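# Chain and residue survey
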Amino acid sequence: MDGRADLLLDAPRALTEAEARLAPDPRPFARPAAAPAPDASPPPRKPRLGTALRVGAAVTVIAGAGLFIQDRFFTLESHRAVLSAAPITLRAPLDGVIELPGVPPPGQVVDATPGFALIRNPRADNGRQADLRAELAMLEGDAEAIRRRLAALRPEAEAAAAAAAAFQTARLEQLAARRAETAANEAAAR
């Protein structure tokens with residue numbers, strides 16, 4: 001019975017120790033005092049592989065969603081578009097005839113071109129064309145006048161060339177006679 005009596009006497013002290021252990025900490029965010037480390041460098045960090053994998057997965061999901069949105073909402077082309085419509089009459093705001101040289105027949109692919117229709121108007125204002133024709137006729141008349149003048153001046157040029165040749169021949173004969181006279185005077189003086 002002595003063992004039981006000791007147990008009963010120790011019960012109030014064991015109860016206070018248990019209450020002290022289970023009681024909430026009055027300073028829950030305070031750091032427990034640690035023994036000073038002999039080395040002042042911080043402990044080495046463990047590689048955070050799980051965090052890196054989660055960030056990579058999140059970036060992949062966001063990039064995939066961005067590509068989906070871009071492909072679905074911002075793409076303006078169609079690879080297999082088929083247009084079917086009723087034929088309509090095109091009317092030009094100008095006089096003339098509409099020509100469609102670049103329109104492919106039905107069932108063929110249409111390329112992006114700047115235009116596919118031409119308006120031809122045979123009764124269009126051709127004032128500039130008339131001005132150019134008048135200027136061309138005037139220039140042709142001037143060219144013909146220059147040709148006539150050249151034909152008229154050709155005999156005069158031939159006559160001037162003949163006169164120059166005659167003058168040259170006469171001057172050569174004159175210089176030859178003078179030379180002979182000078183040679184004769186020299187011979188007489190000796």
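Everything here concerns the structure above.
Fair warning: this is a prediction, and the values are worked out from it, not measured in the lab.

A tally of helices and strands in the protein chain yields 3 helices and 2 strands. Secondary structure elements in the protein chain, listed N-terminal to C-terminal, are α-α-β-β-α. Residue burial in the protein chain is summarised as follows: out of 190 residues, 0% are buried. For the protein chain, the exposed area adds up to about 18,800 Å²; of that, 62% sits on carbon and sulfur atoms.

For the α-helix, the turn length of 3.6 residues means that residues three or four positions removed from each other point alike. Taking 1.5 Å per residue, 63 residues should reach 93 Å; helix H3 (residues 127-189) reaches 90 Å between its end C-alpha atoms and fits that length. Of all the bends in H3, the greatest, near 30 degrees, is centred on Leu153, and the proline Pro155 appears no more than four residues after it.

Let us look at a nonpolar patch on the surface. Together, Phe68, Ile69, Phe73 and Phe74 give the surface a local cluster of nonpolar side chains, amounting to about 480 Å² of exposed area. The residue Phe68 is located in helix H2 (residues 49-73) in this model. You can call Phe68 partly exposed: its relative accessible area is 49%.

Next up on the list: the pattern of salt bridges. In the structure shown here, the tally under the stated rule is 1 salt bridge. The partner of Arg147 in a salt bridge is Glu144, and the shortest N-O contact between them spans 3.0 Å. You can see Arg147 and its partner Glu144 sitting in helix H3, 3 residues apart, about one turn around the helix. The exposed category is assigned to Arg147, whose relative accessible area is 51%.

Cut-offs and rules
Residues numbered from 1 in each chain as written. Predicted model: local features only at pLDDT ≥ 70, side-chain atom pairs only at ≥ 80, totals over all residues. Heavy atoms only, no water. Helix = DSSP H or I, 4+ residues; strand = E, 2+ residues; numbered from the N terminus. Buried < 20%, exposed > 50% of the residue type's maximum accessible area, 1.4 Å probe, protein only. Areas by Shrake-Rupley, 256 points an atom, 1.4 Å probe, with all protein chains shown as cover. Expected span 1.5 Å × (residues − 1). Bend = angle between axes of the 7 residues up to and from the residue. Patch = residues over 30% accessible without salt bridge, like charges linked within 9 Å, V, L, I, M, F, W, Y side chains within 5 Å. Salt bridge = Lys/Arg side-chain N within 4 Å of Asp/Glu carboxyl O.

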